Amino acid sequence: MPYSDYRTALVTGASTGMGAAIVKKFRERGLTVHAVARDAARLGELEAQTGAIPHAIDLSDTTQMERELGGLDIDVLVNNAGVSAPGNILDASRATVDAMVDVNLRAILHLARLLLPGMVERDLGHVVNLSSIAGRYNFFGHTAYHATKAAVAQVSRQLRNDTIGKRIRVTEICPGRVETEIFGRNLGGTPEAMAEAWATYYEGYESLTTDDIVATVDFAIDAPRHVNVGLIEIMPTFQVPGGLTFDRRDARA
Ligand SMILES: NC(=O)c1ccc[n+]([C@@H]2O[C@H](COP(=O)([O-])OP(=O)(O)OC[C@H]3O[C@@H](n4cnc5c(N)ncnc54)[C@H](OP(=O)(O)O)[C@@H]3O)[C@@H](O)[C@H]2O)c1
């Protein structure tokens, strides 16, 4: 099922970053696109630019999600919205743990429950899930983020089992560092935080760009109908996973 077979798409986290870039590509490809995020003003700008249909909702509010998105016939579902947090589980707040579970995982399961039956009925569909190298590799970062992203990988594989025998494809896109707002949001989301995050995480690095991610999504969707691209891990050339840590006993002193 290349693009020509699909008519509609829903992209979460569409107000900025990878999500907004994916919406633009889908509109170029001729799909009717439902764009989901909380920021109504940004979605309005995206609507003006691309003709995407805005849905200003909070994905942690399941009732709102059911009401607004539940009745839609969607051929391509992109679960892109995601949140992370600084630090690790030792100093985590209740709110950050809940937000990561709610947005990174719970919303994906509810959207599958709401939208996958229609795909099964029409025998046509593609789910694209944005996970992270944090779900595959262990390195410093928030345990709730690593755990929810590992779960996204598992959900992606399991959806293939749930829909076996139907022309429904599932793709996990697993990126390393991409230039977006995510780190600035972690630092508070103010313009100063965005600038600080840029200086810390992006300045001087050759990170991925949202165009690189769009290219992977486009490739997976445009593949012939008998091809399911299951997993694309994509990282900056200069970013390498791994690095075993082993503290000496005397390092504890
Ligand atoms: N950037 C990276 O280095 C990187 C690396 C690996 C994986 N990823 C993953 O890639 C995906 C896209 O990340 P990004 O870097 O493009 O992020 P981003 O620039 O921070 O954008 C996050 C998006 O998610 C939306 N969102 C957050 N909370 C939401 C909620 N409660 N309800 C509805 N929408 C919500 C935001 O919109 P509103 O604020 O308007 O709601 C925004 O559109 C995420 O799943 C992320 O975990 C990112």
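Everything below is about the structure printed above this text.
Criteria and thresholds
Residues numbered from 1 in each chain as written. Predicted model: local features only at pLDDT ≥ 70, side-chain atom pairs only at ≥ 80, totals over all residues. Heavy atoms only, no water. 1 Å grid on protein atoms, 1.4 Å probe; cavity = no way out; pocket = protein on both sides within 12 Å on 5 of 7 lines; lining within 4 Å. Points joined across faces, edges and corners; volume = space filled by probe spheres on them. Helix = DSSP H or I, 4+ residues; strand = E, 2+ residues; numbered from the N terminus. Nonpolar A, V, L, I, M, F, W, Y, C, P; charged D, E, K, R; others polar. Near = heavy atom within 4 Å. Polar contact = N/O pair within 3.5 Å; in protein donor to acceptor, adjacent residues only side chain to side chain. Areas by Shrake-Rupley, 256 points an atom, 1.4 Å probe, with all protein chains shown as cover. Expected span 1.5 Å × (residues − 1). Buried < 20%, exposed > 50% of the residue type's maximum accessible area, 1.4 Å probe, protein only. Contact = heavy atoms within 4.5 Å. Pairing = 2+ DSSP bridges. Right-handed = clockwise from strand over helix to strand, strands pointing away. Salt bridge = Lys/Arg side-chain N within 4 Å of Asp/Glu carboxyl O.

### Describing the layout of surface pockets
A volume near 170 Å³ is recorded for the second largest pocket. In this structure, the second largest pocket is lined by G82, V83, S84, A85, T96, A99, M100, I182, R185 and N186. Mapped onto the lining of the second largest pocket, the elements with two or more residues apiece are α4 (94-122) and α6 (182-186). Taken together, the residues that form the lining of the second largest pocket break down as five nonpolar, four polar and one charged.

### A word on the site of the ligand
Around the ligand there are 29 residues in total, and S15, R38, N80, Y145 and T180 lie nearest to it. Interatomic distance of 3.1 Å between a backbone N/O atom of G13 and an oxygen atom of the ligand. Here an oxygen atom of the ligand sits 3.5 Å away from a polar atom, N or O, in the main chain of I182. Notes on the ligand: free accessible area 890 Å², of which the protein chains cover 97%. Elements that contribute at least two residues to the shell around the ligand include exactly α1 (17-28), α5 (143-162) and α6. Residues of the shell around the ligand, tallied by class, amount to 12 nonpolar, 10 polar and seven charged.

### So, helix α8 (residues 210-222)
Between its first and last C-alpha atoms α8 spans 18 Å; for 13 residues at 1.5 Å apiece the expected length is 18 Å, and the two agree. For α8, the full list of buried residues reads T210, I213, V214, T216, V217, D218, A220 and I221. Structurally, α8 contributes buried residues whose contacts are with α1, β4 (76-79), β5 (125-130), β6 (168-175) and β7 (231-234).

### Section: α1
For α1, spanning 12 residues, the distance from its first C-alpha to its last is 17 Å, which sits close to the expected 16 Å at 1.5 Å a residue. If you check which residues of α1 are buried, you get M18, G19, A20, A21, I22, V23 and F26. The elements touched by buried residues of α1 are β1 (8-12), β2 (32-37), α2 (40-50), β4, β5 and α8. Looking one or two places after α1, you find G30, whose phi comes out positive at around 95°.

### Quick look at the pairing of β1
Counting buried positions along β1 yields five of five residues, so the element is predominantly enclosed. As defined by bridge partners, β1 adjoins β2 across five bridges and the pair is classed as parallel. Directly across from A9, in β2, lies its bridge partner V33. Each parallel crossover has a hand, and for β1 linked through α1 to β2 it is right-handed. In this structure, β1 lies alongside β4, joined through three bridges in parallel fashion. Bridged to A9 within β4 is V76.

### Overview of the pattern of salt bridges
Counted by the stated rule, this structure contains 12 salt bridges. The salt bridge involving E181 is made with R42; its shortest N-O contact spans 2.5 Å. Placement of the pair is E181 in the loop between β6 and α6 and R42 in helix α2, with a sequence separation of 139 residues. Classification of E181 by relative accessible area gives buried; the value is 19%. When the shortest N-O distance is used, the salt bridge between R122 and D73 registers 3.3 Å. With R122 in helix α4 and D73 in the loop between α3 (62-69) and β4, the pair connects residues that are 49 residues apart, well separated along the chain. Linked by salt bridges that have partners in common, R29, D218 and D222 make up one network.

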